[in-house]
Amino acid sequence: MKVKKYFSNIVEALLTTFEGMSITLDHFFRRPVTYDYYAYGDHKRMPKLLAKDGIERYSDTLSDGYRGILEVDGNICTGCSICEKACPIGVISIGKGKNEEKKMQVNSFIIDNSKCMYCGLCSKDCPTQAIQHTKEFEATNIRIENLVYDWAETPYVAYNVKKDGERERVELGSLVREKKLKFDVTPRYDFPKIVDAPKVKKKKLKTPPVVSGNRKTRIKKEEGE
Amino acid sequence: MESLGLYLIEKFNIEGSFAQNITLLVLMITFSLIVLTWFLLFAGITSWVERRIAGRMQCRPGPNVNGPEGFLQWLMDAIKPMEKEDLMPDGADKWMFKVAPYFVFMGVGSTLLVIPYSESLILGDLNIGIFYAVAITSLATIGILLAGWSSNNKWSLIGGVRAASQMISYEVPNSLSILAVVLLTGSLSMQDIVLEQGAYPWQWNISHSPFMLASFFIFFISSLAEGSRTPFDLPEGESELVSGYNTEYSGIRFAVFFLAEWGNLFVMAALSTILFLGGWASPFAFESIYLTNFIQVLIFLSKVFILVFIIIQLRWTLPRVRIDQLMTICWTYFVPISLVVVLFTAIWMNFFPRTDSFSFQTLVQIITMLMWMYMIFYVIVKAFKNRKLTEEK
């Protein structure tokens, strides 16, 4: 039995190694599934690579269910503030009031993207899917205040499902892209210009009087004096 | 090189004079510099090739930013450590710490002395060539042990000791499978070993008999273990030992360690080629000696590159073994099998000597050749099948 096991081990080792090698050899001749992401380098090459597969943006290469920057469509938002309650870290704050026709109005819908941890609890509970995670991920900005998006810059009337009937949601991510363009102070991929610090005239320091000799001799001198 | 020196001495009639020593010295230095440059270039470029291959096997492109298809990446990798600070840990054994990487590099690099690239391209055809190669590679073990000991770091020490125990264990099956080749050849000289084998696959040592086929596998795998390549890279197991014996190294000394590691790829592949796969032996003979040599170098290098590819492929195929598994593989499988191989090869060559005309031995050679060719086709056909399966899905 042991002898049989000894030889079967050898055969098994060989066969499993060959099996593994066949898989790596197969993958070696396949096209890579990833796309190059040139954040700082040759970003002219980027659209060409994506255009091969008929893709416009990087965000479209991400898988479904990716949780990127939050987006609110005011058109179908009911103003129920379930998302505000669902958020565990208080990213969302909604200000509500009434307009002249005494209908509920959303005055401010502020999402602080610098705090958001992209857990998806808000979008999960939303009854009309007004708040959703998009696939947009490049939110980098030179000022952290610019990451606070107000989704009700022009106050909107809350959507009433029963009375108003069905409304369509706008394309996911299109609003976020608009917001990002709005807040982009500098054009993308260009570093902000470094301004030289103003030259300060150096003040001449008064040098302390030089005392010659080391500590012992100095003490002796003082004593002598 | 030796023949060129003799030719020059004879032509200018300077035998026995002072000029003879000078010519030999100049020749020695120039040729060793040429070979060293080739070695460094190979090690550097292989680092890029390996990363590219690894990338493609994991469905990603690999380094492709610097230069055309990222070819200059290896230069960047070499320049970067040069401008880094050369740190030394507190309480390190200074002299040993400084010297250790060069020991490793010397152990690997000195092997190049006996590797024949073609009929007349060899630095020095020692009559104990293969023995020299086996002996000088042990310097690398000493270097790794020194590095581990002098770093004043537990991880380094464990890595160094692991490396030493691994290399000493695997020296045994490695040398025994070399012994089988030496039995067949009757000589320790590298050129004699190559000349004994023919140009065609069934004349190579690997297909001499099924025992030699087993011997090839043992030699190949144990030289992987000696060069501490995956799946036997326990001395530098990241998950347990941070980086093993080179944990405390930085800057150019760290780079030298890795240069030695990738250079070792060439040495491993070249030795397996010479011992088992016919070396530079080519079926073509031209009137021009340069053309003949050129073809031989091409044949030798193509064999080496195929083996290097297989070594890299193995690295990205197999997971790392445990230390007890490593020792089990060596002492319960490789050592007994290689002993059996040596014994049966000795008996076999007495009963069925190599012949030029067709005989039982030639038949066995062809059958053994078909055996290892079947293994290669098995892998390739299986790869195609895998591909079809995934495409259907």
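So, here's what we can say about the structure. Here the structure is a predicted model, which means the values were calculated and not measured. (Residues numbered from 1 in each chain as written. Chains lettered and ligands numbered in written order. Predicted model: local features only at pLDDT ≥ 70, side-chain atom pairs only at ≥ 80, totals over all residues. Heavy atoms only, no water.)

**Some remarks on the overall build of chain A**
Heads up, the rule is: Only runs of H or I of at least four residues qualify as helices and only runs of E of at least two qualify as strands under DSSP, and these elements are numbered from the N terminus. Only protein chains enter the accessibility calculation, which uses a 1.4 Å probe; a residue whose area is less than 20% of its type maximum is buried, one above 50% is exposed, and one in between is partly exposed. The Shrake-Rupley method, run with a 1.4 Å probe sphere, supplies the accessible areas, and residue values consider only the shown protein chains as cover.
Counting its regular elements, chain A contains seven helices and six strands. Element order for chain A, N to C, with α for helix and β for strand: α-α-β-α-β-β-α-β-β-β-α-α-α. Buried positions account for 32% of the 225 residues belonging to chain A. As displayed, chain A has an accessible area near 16600 Å², and 57% of this comes from carbon and sulfur atoms.

**Looking at unusual backbone geometry**
Backbone geometry at Lys-102 of chain A places phi at a positive 55°, although glycine is not the residue there. Following the sequence through the fold, Lys-102 of chain A ends up in the loop between strand 2 (92-98) and strand 3 (104-112). With a phi angle near 60°, Asn-152 of chain B is a residue other than glycine that sits in the positive phi range. Along the chain, Asn-152 of chain B falls in the loop between helix 5 (129-150) and helix 6 (154-185). Judged by relative accessible area, Asn-152 of chain B falls into the partly exposed class, the value being 48%.

**Some points on the packing of helix 1 (residues 2-28) of chain A against helix 11 (residues 289-315) of chain B**
What counts, and what does not: Interaxial angles span 0 to 180 degrees and are taken between N-to-C directions of axes, which are lines fitted to C-alpha atoms, for helices over the stretch in contact. Throughout, the term roughly parallel applies to angles under 35 degrees, roughly antiparallel to angles over 145, roughly perpendicular to angles from 65 to 115, and oblique to all others. The contact criterion used is simple: two residues touch if any of their non-hydrogen atoms lie within 4.5 Å. Gly counts as polar in this scheme, as do all residues outside two lists: the nonpolar Ala, Val, Leu, Ile, Met, Phe, Trp, Tyr, Cys and Pro, and the charged Asp, Glu, Lys and Arg.
In contact at an axis separation of 10 Å, helix 1 of chain A and helix 11 of chain B are set at 100° when each is read in the N-to-C sense. Our classification of the angle between helix 1 of chain A and helix 11 of chain B gives roughly perpendicular. Of helix 11 of chain B, the residues touching helix 1 of chain A (which contributes Thr-17, Met-21, Thr-24, Leu-25 and Phe-28 of chain A) are Phe-309, Ile-310, Gln-313 and Leu-314 of chain B. Taken together, the residues that form the contact of helix 1 of chain A with helix 11 of chain B break down as six nonpolar, three polar and no charged.

**Details of the interface of chain A and chain B**
Rules: Reported buried area values correspond to the accessible surface (1.4 Å probe) lost by two parts on association, with both partners' losses combined. What counts as a salt bridge is simple: a side-chain nitrogen of Lys or Arg found within 4 Å of a carboxyl oxygen of Asp or Glu. N or O atoms closer than or at 3.5 Å make up a polar contact, with two conditions inside protein: a donor-capable atom paired with an acceptor-capable one, and, for residues adjacent in sequence, both atoms drawn from side chains.
The interface is formed by 26 residues belonging to chain A together with 29 residues belonging to chain B. Where chain A abuts chain B, roughly 2500 Å² becomes buried across the two surfaces, and 64% of that area is made up of carbon and sulfur atoms. The three residues of chain A that bury the most area against chain B are Phe-18, Met-21 and Phe-28 of chain A, which together make up 22% of that side's buried surface. Applying the counting rule to chain A against chain B returns two salt bridges. As a salt-bridge pair, Arg-387 of chain B and Asp-26 of chain A come within 4.0 Å of each other at their nearest N and O atoms. Here chain A is connected to chain B by nine residue pairs in polar contact (both at pLDDT 80 or more). The biggest single contributor to the side of chain A that touches chain B is helix 1 of chain A, with 17 residues. The residue inventory of the side of chain A that touches chain B, partitioned by class, reads 13 nonpolar, seven polar and six charged.

**As for the pattern of salt bridges**
Close approach of charged atoms lets side chains of opposite charge pair. Counted according to the given criterion, the structure contains 13 salt bridges over all chains. For Arg-30 of chain A, the salt bridge is made with Asp-26 of chain A, and the minimal N-O distance between the two is 2.8 Å. Judged on exposure class, the residue Arg-30 of chain A and its partner Asp-26 of chain A are both buried. In this structure, the salt-bridge partner of Lys-135 of chain A is Asp-64 of chain A, at a minimum N-O distance of 3.1 Å. Of this pair, Lys-135 of chain A sits in the loop between strand 4 (131-133) and strand 5 (148-150) while Asp-64 of chain A sits in the loop between helix 2 (45-51) and strand 1 (70-72), and the two are 71 residues apart along the sequence. A single salt-bridge network, built from bridges that share partners, covers Asp-26 and Arg-30 of chain A together with Arg-387 of chain B.

**Observations regarding the nonpolar core**
Under the convention used in this document: As used here, the term nonpolar core means buried Ala, Val, Leu, Ile, Met, Phe, Trp, Tyr and Cys residues forming a set that is joined through side-chain atoms within 4.5 Å.
The biggest cluster of nonpolar side chains holds 95 residues, and the ones touching the most others in it are Ile-130, Phe-266, Phe-276 and Phe-300 of chain B. Here the element with the most residues in this core is helix 10 (residues 251-276) of chain B; it accounts for 14 residues. Excluding residues that lie within four positions of it along the chain, Phe-276 of chain B makes contacts with Ser-177, Val-181, Gln-197, Trp-204, Asn-205, Ile-206, Met-212, Ser-215, Phe-216 and Phe-219 of chain B. If you look at the next biggest cluster of nonpolar residues, it comprises 24 residues, including Cys-77, Ile-92, Ala-130 and Trp-151 of chain A.

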